[in-house]
Amino acid sequence: MAELKKPGSHIDLIKKDMETKGLPDDEVRAIIKYIEAQLKKDAKTKAENSKANKIFISGIIIFISGLILSFVNYRDVILNSHYSIIFYIPLILGIILIIKGIPKK
């Protein structure tokens, strides 16, 4: 896996390198299969974390928007003695999205 992270490295080059070192074909196929499985797993984890980060950031934005709306409305109530509406839905939705969007390791 460390070999693949080097610039210009490719799985075919690693396969040829193992074959030139005299490893049996069965072992080479098993190692290549393992490497491909790891690459797929890493790509899937990266994609899931990217989606989770977007959900997390959306949750923060919605939560902060709810806080701002509630604060502005509460300030208006104090200054003008009108009825109050607290924006619970954006606050609750923001918290849910923040919790759901915490990236998995």
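Residues numbered from 1 in each chain as written. Predicted model: local features only at pLDDT ≥ 70, side-chain atom pairs only at ≥ 80, totals over all residues. Heavy atoms only, no water.

**Structural notes on the overall build of the protein**
Condition: Strands here are runs of E lasting at least two residues and helices are runs of H or I lasting at least four, both read from the DSSP assignment and numbered beginning at the N terminus. In this scheme, a residue with accessible area under 20% of its type's maximum is buried, one over 50% is exposed, and one in between is partly exposed, where area comes from a 1.4 Å probe on protein chains only. By the convention used here, residues are in contact when the closest approach between their heavy atoms is within 4.5 Å. Only the protein chains shown count as cover for residues, with accessible areas throughout obtained via the Shrake-Rupley method and a probe of 1.4 Å.
Helix and strand counts for the protein stand at 3 helices and 0 strands. Counting from the amino terminus, the protein carries its helices and strands in the arrangement α-α-α. Each of the 105 residues in the protein was classed as buried or not, and the buried ones make up 18%. Within the protein, contacts between residues separated by at least 24 positions form 60% of all contacts whose residues are at least 6 apart in sequence. Carbon and sulfur atoms make up 65% of the accessible area of the protein, which amounts to about 8,400 Å² in all.

**A look at helix α3 (residues 88-100)**
Where we set the bar: Expected span of a helix, by definition, is 1.5 Å for each gap between consecutive residues, and there is one gap fewer than residues. What the arc describes is the spread of directions from the helix axis to the C-beta atoms.
The terminal C-alpha atoms of α3, which comprises 13 residues, lie 18 Å apart, in line with the 18 Å expected from a rise of 1.5 Å per residue. Of all the residues in α3, the buried ones are P90, L91, G94 and L97. Looking down the long axis of α3, one finds its buried residues gathered within 135° of arc, a one-sided arrangement. Exposed positions of α3 whose direction lies more than 90 degrees from the buried face are Y88, I89, I99 and K100.

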